[in-house]
Amino acid sequence: MSDLVKLTIDDREVEVAKGTGLVETAAAAGIEIPVFCYEPRLGPAVGACRMCLVEVEGMPKLQAGCTLTAQDGMVVHTASTSARAAEGQKGTLEFILVNHPLDCPVCDKGGECPLQDLTFRYGPGSTRMTFPKLTFDKPIPVSPLIALDRERCILCYRCTRFSSDVAEDEQLIARNRGAYSMIATFGDEPYRAPFSGNVIELCPVGALTSTQYRFEARPWEIQDVPTVCGLCPAGCNIRATTREGLVKRVQSRNHPEVDGGWLCDKGRFTFPHLRSDDRVREPLVRGTVGLEPVSWDAALDRAEELLRGAQGKIVTALSGSETTEIAYGLGVLLRRGLGAHSAVLDESTSAALDACRAPLSTIGAAELVVVVGDDEVVDRAPIVDLWLRKARRAGAEIVTIGARGSVPAPVGGAAEALRDLAAADSELGGRLRASDRAILVWSGSGGGGGARLAEAAHALGFEGKPGCAVFHLPARANARGVAEAWAAAADADEADPEPIGLLVVSGDEAAGDPSVRALAERASTVIAITMFHSLAVGWADLVLPATASLEREGTAMNLEGRVQRLRRAVTPPVPDELAWLSKLAERFGVALSPHAAVVFEELSGRIYGGLLLEQLGEHAGLPARRPYEAPEPTPLAHSPEANVPEDHFVGTLRLLRYTPLFSGHQVERVPELQFQRPEREVALSTVDADRRGIATGDLVSLRSNGTSVELRARVDARLVEGVARLADEHAAHLHADVEVVKA
Ligand code: SF4
Ligand code: SF4
Ligand code: FES
């Protein structure tokens, strides 16, 4: 039996795969069936708006085209060839516009609004309505990020369907019935969820708008720059909308294999940090009264002096958020140009993962997914969380192994869990081995990460099965690209110098990392490359201004191993890193181009098999799997956090830190994002809370190493015993073991 069906739309014959929706079938033939509520990414059609009315021969009434699939022999007429369909659509639009205000000139959607466009194309030219339209208070704050102009809503239910069927946060609802139906949040609470901003893009009218973008620009005076989000290792594809040299909003540009057209709120709403008041805009040198601004020439003189003075005893702390080209440029200067020194990049990625790589979208089609690690996926790579939800809705079994897992495991025990899975007698491992659609995800730190994951996938026989894949979620956006670029810059590995003559701190994540600060105390001098004053004051001898990913040209490698292109959305207020790195390199007789494209070319010859920048395109492809090469063997050691102290039930608990999605130096600088930040709270297992007489909401004191911090307790039924889990921003001075008592 053929897998194709043949039908006629507007007298045109079309052949498509069986099961194709009528809207897509018509589009394939170059015919428009206009829609409002239809959005296949939200699940099955709901037929709410009737904009898609078509006439189907043999059916007495007009049909909602979005609810139909192409059938063999079907004869369809859209509004172009059917007066009935045209009349139906006109009536639908007239009905939709009964209560819709005529405020396009002041509406943020005006100029890029499906309702406006379709009314022009299919609607009545004038109105017969003379009575007053419904009005509401406006704008209604759905949250500090989203405003609702309720009278503009056409009740397509895209937003509520996203909330309930995609993000599954269940916070947006339709209240009341009939003409009084209205979109609201549950209990009128702010819409506080990791993916809330997607409803702004989904709304086909100007009912849901971004508070950051309201009244900021009109569509004819903006430019959209296609680039990639640099805030987590997923690497979602974005469009940065700019006006007069400023980023005004960030939207998805839908890479179906990477992000499926969704963004998290961190990626969408964090761009105002580019304009932060405490941004470093000129180089700073430590003088007699602290850091003082100097010219770039003076800064490079000082940098040269510090680099020569260190006599090769240099340590570089990389953030993993640099572009691959900046990391390579640093490596070329510091490793090739200045000889012995070592790097700190607190990530355990591995090129061996490429033997079982696959697009993130593979997760959505999986039947069994095992996530190991103590961190929530949404905190490390949010978009992966949406792929997992999609898989679960499609019937996949999701097993989590970790401190909050469906299979509880001791803190830091991910590597051991993987070894157990790969063992011949593991029941779950056996199912992973037998499946053609199984996925392994590592969501945590320490324990060998990527290498251990690659070994487990190899042992489970994933390589030969395209539907089976592994995903290691690093903490930093370009952890893999930076590690590979750094390795490509010079051949030899160097030992850690002692004492450290110079610490080069590259990027804000490294500058904000307490372990890098500790390293700085051991270093004679420090150069910090950072965007923000507060990250460098007090400990750097020379501060060189950094740029943000939205200001950079270059490439980054996401967690799949996909090399993607970043494009500069706006000109940074400071020279970009490669510009001054190349000048500095020249002083040491090292050749380094100031242009990212040229650096990429050199780098690509070394690590990407000569891949050209143009080949990355707007939507970069994922290279084929590489043959498996066993990673360096390392003994399977417990990470420092792996052992629960024996006396934990009477005394201390092991501190389990995590980095929440809404944290970090960019988020801190965006006032409207603050409501998304985590509560000041510590999570305790039910058993540990009971033993201490602690209930959710109690004020508790956490003490260790002579310091203490007071937080609200939350009893977390999913948490393993012996652990106090809290965001690392609240755990700054606490050590591994803490005493938890009611305050
Ligand atoms: S607010 Fe927008 S997306 Fe939500 S139902 Fe109304 S028109 Fe549709
Ligand atoms: S999931 Fe990651 S890459 Fe995607 S928008 Fe959010 S922070 Fe950016
Ligand atoms: S698009 Fe078909 S009913 Fe809304």
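Everything quoted here is computed from the prediction, not taken from an experiment.

(A) Seen up close, the site of ligand 1. What surrounds ligand 1 is a group of 14 residues, the closest being Cys153, Cys156, Cys159, Cys203 and Ala207. Across the shell around ligand 1, the residue classes break down as 13 nonpolar, no polar and one charged.

(B) Region of the structure containing the pairing of strand β8 (residues 172-175). Relative to strand β9 (residues 182-185), β8 runs antiparallel, the two sharing four bridges. Across the sheet, residue Arg175 finds its bridge partner in β9, namely Met182.

(C) Molecular detail of the nonpolar core. If you look at the biggest cluster of nonpolar residues, it comprises 225 residues, and the most contacted ones within it are Val384, Val505, Ile527 and Ala724. When neighbours within four sequence positions are excluded, Ile527 is seen to be in contact with Ala303, Leu306, Leu502, Val504, Val505, Ala540, Asp541, Leu542 and Leu544.

(D) Local environment of unusual backbone geometry. In this structure, Pro139 follows Lys138 across a cis peptide bond, with omega equal to -15°. Along the polypeptide, Pro139 turns up in the loop between α3 (114-122) and β6 (140-141). A positive phi angle, close to 45°, is found at Asp10, a residue other than glycine. Its place among the elements puts Asp10 in the loop between β1 (4-9) and β2 (12-17). Backbone geometry places Glu170, a non-glycine residue, at a positive phi of 55°. For Glu170, the location among the structural elements is in the loop between α4 (158-166) and β8. The class of Glu170 is exposed, set by 12 C-beta atoms lying within 10 Å.

(E) Expanded view of the environment of Arg121. Structurally, the position occupied by Arg121 is in helix α3. Among the residues examined, Arg121 registers 12 C-beta atoms within 10 Å and is labelled exposed. Separated by 87 residues in sequence, Arg121 and Pro34 place their C-alpha atoms 9.5 Å apart.

(F) Summary view of the confidence of the model for the chain. Mean pLDDT over the chain works out to 93, with 97% of the residues at or above the 70 mark. Between residues 636-649, whose pLDDT stays under 50, and residues either more than four places distant or in other chains, the model counts 27 contacts.

(G) Spotlight on the pairing of strand β19 (residues 397-402). Where strand β18 (residues 368-372) and β19 come together, five bridges link them in parallel fashion. When the sheet's bridge partners are listed, Val372 is paired in β19 with Ile401. Examined bridge by bridge, β19 and strand β20 (residues 407-408) share two bridges and lie parallel to one another. Of the residues in β20, the one forming a bridge with Gly402 is Pro408.

(H) Quick peek at the sheet that holds strand β7 (residues 146-148). The three strands lie next to each other as β6-β7-β10, forming an open sheet whose pairing is antiparallel. Pairing within the sheet leaves two strands with one partner each, and these edge strands are β6 and β10 (208-210). Bridge count between β7 and β10: three bridges; the pairing is antiparallel. In the sheet register, Ile146 faces β10, and the bridge partner there is Ser210.

(I) Structural detail: helix α8 (residues 324-337). Spanning 14 residues, α8 covers 18 Å between terminal C-alpha atoms, matching the ideal 20 Å at 1.5 Å per step. Along α8, the helix axis deviates most sharply at Gly331, where the bend reaches about 25°. The buried fraction of α8 amounts to 13 of the 14 residues, a majority that puts the element mostly inside the structure. Gly339 occupies a position one or two residues after α8 and carries a positive phi of about 80°.

(J) The arrangement of the site of ligand 2 in detail. Around ligand 2, a shell composed of 14 residues is seen, among which Cys229, Cys232, Cys236, Cys264 and Gly267 lie nearest. Every element with two or more residues in the shell around ligand 2 is listed here: α6 (265-269) and α10 (382-393). For the shell around ligand 2, the residue count by class is 10 nonpolar, two polar and two charged. A domain split of the shell around ligand 2 shows at least three residues from each of domain 2 (131-275) and domain 3 (352-472).

(K) Seen up close, the sheet that holds strand β13 (residues 246-252). The antiparallel open sheet is built from three strands, whose spatial order is β11-β12-β13. Both edges of this open sheet fall to β11 (223-228) and β13, since each of them pairs with a single strand only. For this sheet the average axis-to-axis angle between neighbouring strands, irrespective of direction, equals 30°. Of the strand pairs in this sheet, strand β12 (residues 237-243) and β13 are connected by six bridges, and their pairing is antiparallel. Following the sheet pairing, Arg243 is matched in β13 by Leu246.

(L) Spotlight on the packing of helix α11 (residues 414-422) against helix α13 (residues 449-459). In contact at an axis separation of 9 Å, α11 and α13 are set at 10° when each is read in the N-to-C sense. It follows that α11 is roughly parallel to α13 by the angle criterion. Facing Ala415, Leu418, Leu421 and Ala422 of α11, the residues of α13 in contact are Arg452, Leu453, Ala456 and Ala459. For the contact of α11 with α13, the class distribution of residues is seven nonpolar, no polar and one charged.

Parameters at a glance
- Residues numbered from 1 in each chain as written.
- Chains lettered and ligands numbered in written order.
- Predicted model: local features only at pLDDT ≥ 70, side-chain atom pairs only at ≥ 80, totals over all residues.
- Near = placed C-beta within 6 Å.
- Nonpolar A, V, L, I, M, F, W, Y, C, P; charged D, E, K, R; others polar.
- Pairing = 2+ DSSP bridges.
- Helix = DSSP H or I, 4+ residues; strand = E, 2+ residues; numbered from the N terminus.
- Core = buried A, V, L, I, M, F, W, Y, C linked by C-beta atoms within 7 Å.
- Buried ≥ 20, exposed ≤ 12 C-beta atoms within 10 Å, placed from the backbone.
- Contact = placed C-beta atoms within 7 Å.
- pLDDT = per-residue confidence, 0-100.
- Expected span 1.5 Å × (residues − 1).
- Bend = angle between axes of the 7 residues up to and from the residue.
- Domains from an automatic or database assignment.
- Axes fitted to C-alpha atoms, helices over the stretch in contact; angles between N-to-C directions.
- Parallel < 35°, antiparallel > 145°, perpendicular 65-115°, else oblique.

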